[in-house]
Amino acid sequence: MGCDRWVMLVIPIIYALSNVSGELKRFEQPSKGDGSLSFLVIGDWGRRGAFNQSQVASQMGKMGEKLDIDFVVSTGDNFYDNGLRSVHDLAFEESFTNIYTANSLQKQWYSVLGNHDYRGDAEAQLSPLLTKIDTRWLCLRSFIVNAELAEIIFVDTTPFVKSYFQDPEDHIYDWRGINPRKHYIANLLKDVECALRESNAKWKIVVGHHAIKSVGHHGDTRELATHLLPILKANNVDFYMNGHDHCLEHISDTESPIQFLTSGAGSKAWRGDVKQLNREGLKFFYDGQGFMSVQLTQSNAEIAFYDVDGKILHRWNAFKQFGDHSSI
Ligand SMILES: *[C@@H]1O[C@H](CO)[C@@H](O)[C@H](O)[C@H]1NC(C)=O
């Protein structure tokens, strides 16, 4: 229950009301003519080109062309150190427009907010004014991209992390629109569950800023493991993609077919601070800069990770037949 299917029958007025009640906004992203889909995933990037951001951007451009990508996913922490100050903050152009200049990257960018983005004017990044400055930009707190072959659900994970509220240290977070936190999270989880349950897409992907599982600096996000992961497991999600830890990483869940994929290496990296490298299910971990690519067809998913020189560090395939999952 709670999916409100009847809303779809009583179209215009109720539809407007349902948006008010917080149902996730949906965007249509066509697949290629042959039904396949490919995209790049980058996280934790905006530093005006510094810390190898420009080098990573240039390799993304090359790989984007090679794979004929349809769009780019940003896993958040889009602008360092403290998000954007306002919609007029030049960091938007200096860290985004003027950095990701390759032809192949002139596609839609779907972006979520990270914790650093909440330390500035969080609403600035959600503003249509930014899309006027650079038409590629699309950032919302939580939303759905229906890419035919795949449904991608973007989840605002920062409000899940209790310590940002209870122990913000010297940071000031922009919690406008979030409080009361428990209510916000409960609604969001319900929306995510409904969207996943109703999805008929071949591949189900969830994107958030924070990791559910990571062996990097920040490690697992307990609140997501407790509240979000059970919903992903119950609804046959294939991939959870995130940033936050400044690394590239692939962990296979030991209890479900879910693959945890971290792409948070868009600029500053090399923390040299790793936990539990012997962790069960850990397939790959790289502490330096780089990005990830995803190529999907009806029966196959290929995930690859690249370093600043464009070298493939790790490649992994999943196969699917009649809804089954298997992988090599
Ligand atoms: C840039 O990348 C190179 C190659 O991985 C690395 O050796 C270097 O430390 C990086 N620079 C910074 C500032 O992170």
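Given the structure is predicted, the values throughout are model-derived calculations rather than measurements.

Rules behind the numbers
Residues numbered from 1 in each chain as written. Predicted model: local features only at pLDDT ≥ 70, side-chain atom pairs only at ≥ 80, totals over all residues. Helix = DSSP H or I, 4+ residues; strand = E, 2+ residues; numbered from the N terminus. UniProt positions renumbered as here; feature names shortened; annotations may be inferred. Buried ≥ 20, exposed ≤ 12 C-beta atoms within 10 Å, placed from the backbone. Contact = placed C-beta atoms within 7 Å. Pairing = 2+ DSSP bridges. Near = placed C-beta within 6 Å. Nonpolar A, V, L, I, M, F, W, Y, C, P; charged D, E, K, R; others polar. Axes fitted to C-alpha atoms, helices over the stretch in contact; angles between N-to-C directions.

**Digging into unusual backbone geometry**
Residue Asp81 is reached from Tyr80 by a cis peptide bond, and omega for that bond is -5 degrees. Relative to the assigned elements, Asp81 resides in the loop between strand 3 (71–74) and helix 3 (91–97). Look at the link from Asn179 to Pro180: it is a cis peptide, with omega at -5 degrees. One non-glycine residue with positive phi stands out, namely Glu148, at about 60 degrees.

**Topic: the UniProt feature "binding site: Fe cation 1" (unreviewed entry) in the protein chain**
Sites flagged by UniProt as "binding site: Fe cation 1" (unreviewed entry) map to Asp44, Asp77, Tyr80 and His246. With the annotated positions falling across 203 residues, the maximum pairwise C-alpha distance of 13.0 Å places them together in a single cluster. With respect to the helices and strands, Asp44 occurs in the loop between strand 2 (37–42) and helix 2 (53–66). Owing to 30 C-beta atoms within 10 Å, Asp44 belongs among the buried residues under this scheme. Aside from chain neighbours lying at most four places away, what touches Asp44 is Asp77, Gly114, Gly243, His246, Gly264, Ala265, Gly266 and Ser267. Here Tyr80 lies in the loop between strand 3 and helix 3. Note on Tyr80: 24 C-beta atoms within 10 Å, which makes it buried.

**Here we look at the environment of Leu313**
On the secondary structure map, Leu313 appears in strand 15 (residues 312–321). Leu313 sits 85 residues away from Leu228 along the chain, and the two C-alpha atoms are 29 Å apart.

**Remarks on the pairing of strand 8 (residues 203–208)**
Among the 6 residues of strand 8, 6 are classified as buried, and the element is accordingly described as predominantly covered. Side chains of strand 8 alternate between two faces, with Trp203, Ile205 and Val207 and Lys204, Val206 and Gly208 buried alike. Bridge analysis of strand 7 (residues 150–155) against strand 8 gives 6 bridges, and the strand direction is parallel. Each residue of the ladder has a partner; that of Ile153, found in strand 8, is Val206. With 3 bridges joining them, strand 8 and strand 9 (residues 239–242) adopt parallel strand pairing. Looking at strand 9, one finds that Ile205 is bridged to Phe239.

**Thoughts on the environment of Ala234**
For Ala234, the location among the structural elements is in helix 9 (residues 229–234). Residues Ala234 and Arg197 lie 37 residues apart in sequence; the distance between their C-alpha atoms is 8.9 Å.

**Focus on the site of the ligand**
In the vicinity of the ligand, the residues found are Phe51, Asn52, Trp270, Gly288, Gln289, Asp307 and Val308. Across the shell around the ligand, the residue classes tally to 3 nonpolar, 3 polar and 1 charged.

**A closer look at the sheet that holds strand 12 (residues 282–286)**
With mixed pairing, the 8 strands of this open sheet are ordered in space as 1-6-7-8-9-11-10-12. Each end of this open sheet is capped by a strand with a single partner; those strands are strand 1 (25–28) and strand 12. Each adjacent strand pair in this sheet contributes to an overall mean axis angle of 15 degrees, direction not counted. Across the sheet, helix 7 (residues 181–198) is in contact with strand 6 (143–147), strand 7 and strand 8; its angle to strand 7 comes to roughly 180 degrees.

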